[in-house]
Amino acid sequence: GRARYFAKPSSEEELEEIIDFSESENLPWRVIGGGCNVLFSDRGFPGIMISTTQMANSGGSVNGSELWVSAGLSIPRLGRLCRECGLSGLEFLSQIPGTVGGAAVMNAGFSRYGNRSECVGSFIEEVRVLEKGVGLTSLSKEKLSFRYRWSNLQDFVVLAVKFKLK
């Protein structure tokens, strides 16, 4: 289905403005990354569909084994960034399409061989989010919850993720 409006903000500020506009106009809104692993009704969406992919231009910020990246960064680009920075741990994501934000929200992972299983939530230290009615805030590892293909991030707009890698 088609969305009535589609937006690709290039910054967190633009994203907030779009959401504020949506709410002031009583338009429903939904934030997605690249839209993979998302099903839409054939009836369409009467509001604003917002993609975070344009917010990924800055790449990431590295501090030792910690890596901050935009939620809109594609998984393949995350892999290249890790390689360039000499960081490992997220290789299991290499065949998973999508964006960092989507991977965090759904706790993307890999469990093909026997009992071997990896999930992105195991590597997340902190997440910067937009919380409805609160604004920008950060959730530390202690405030995050991950289970098989689930996280407590589903009620937030994920803006950036901090990974602890090897």
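Located above this text is the structure these notes cover.
Residues numbered from 1 in each chain as written. Predicted model: local features only at pLDDT ≥ 70, side-chain atom pairs only at ≥ 80, totals over all residues. Heavy atoms only, no water.

*Asks:* Just to check I follow, could you spell out the overall build of the protein for this structure?
*Replies:* Summing up its helical and strand segments, the protein has three helices and twelve strands in all. Relative to the globule expectation of 15 Å for 166 residues, the C-alpha radius of gyration of the protein, 16 Å, shows essentially globular dimensions. Projected onto the principal axes, the alpha-carbon positions of the protein cover approximately 45 × 35 × 30 Å. Counting across all 166 residues of the protein, residues that qualify as buried make up 40%. Excluding contacts between residues fewer than 6 apart, the proportion of contacts in the protein whose partners are at least 24 apart in sequence is 57%. Surface exposure of the protein reaches about 9400 Å², of which carbon and sulfur atoms provide 47%. In the protein, the 19 positive side-chain charges and the 18 negative ones have mean positions that sit 9 Å from each other. (Helix = DSSP H or I, 4+ residues; strand = E, 2+ residues; numbered from the N terminus. Rg over C-alpha atoms; globule rule 2.2 N^0.38 Å. Buried < 20%, exposed > 50% of the residue type's maximum accessible area, 1.4 Å probe, protein only. Contact = heavy atoms within 4.5 Å. Areas by Shrake-Rupley, 256 points an atom, 1.4 Å probe, with all protein chains shown as cover. Lys, Arg positive; Asp, Glu negative; His and termini not counted. Charge placed at Lys NZ, Arg CZ, Asp CG, Glu CD.)

*Asks:* I tried to follow unusual backbone geometry on my own but got confused; where do I start?
*Replies:* Leaving glycine out, the prevailing phi sign among residues is negative, and the prevailing peptide bond configuration is trans. Despite not being glycine, Asn-26 shows a phi value in the positive range, around 55 degrees. Backbone geometry at Arg-149 places phi at a positive 50 degrees, although glycine is not the residue there. Its location among the elements puts Arg-149 in the loop between β10 (146-147) and β11 (150-151).

*Asks:* Even after reading the chapter, I still don't get helix α2 (residues 75-85), so can you show me in this structure?
*Replies:* Every α-helix carries 3.6 residues per turn, so stepping three or four residues along brings you back to the same face. Along α2, the positions that sit buried rather than exposed are Ile-75, Leu-78, Leu-81 and Cys-82. In a view along the axis of α2, the buried residues occupy a sector of 110 degrees, so they form one face of it. When the buried face of α2 is taken as reference, the exposed residues oriented beyond 90 degrees from it are Arg-83 and Glu-84. Where α2 is buried, its residues touch β4 (60-63), β5 (66-70), α3 (100-106) and β12 (157-164). Looking at the residues trailing α2, positive phi occurs at Gly-86, about 70 degrees. (Arc of directions from axis to C-beta.)

*Asks:* Mind showing me how you'd approach the packing of aromatic side chains here?
*Replies:* Working definition: an aromatic ring pair is given by the centre-to-centre distance plus the angle between the planes. Tallying each qualifying case throughout the model produces one aromatic pair. Summarising the aromatic geometry, the rings of Phe-92 and Phe-123 are spaced 5.9 Å apart at their centres and angled 35 degrees between planes, so their arrangement reads as tilted. Of the two residues, Phe-92 sits in the loop between α2 and α3 while Phe-123 sits in the loop between β7 (118-119) and β8 (124-131), which places them 31 residues apart along the sequence. Considered together, Phe-92 and Phe-123 belong to a single accessibility category, that of buried residues. The ring of Trp-68 carries the charged tip of Arg-128 above its face, separated from the ring centre by 5.7 Å. Above the plane of the ring of Trp-150 lies Arg-147, whose end atom (NZ or CZ) is 3.9 Å from the centre. (Phe/Tyr/Trp six-rings, centres within 6.5 Å; stacked < 30°, edge-to-face > 60°. Lys NZ or Arg CZ within 6 Å of the ring centre and 35° of its normal.)

*Asks:* Just checking my understanding: could you explain the environment of Val-129 for this structure?
*Replies:* Mapped onto the elements, Val-129 comes out in strand β8. Taking relative accessible area as the criterion, Val-129 reaches 0% and is therefore assigned buried. Apart from residues lying up to four places away in sequence, Val-129 is in contact with Gly-135, Leu-136, Thr-137, Leu-139, Leu-153, Phe-156, Val-157, Val-158 and Leu-159.

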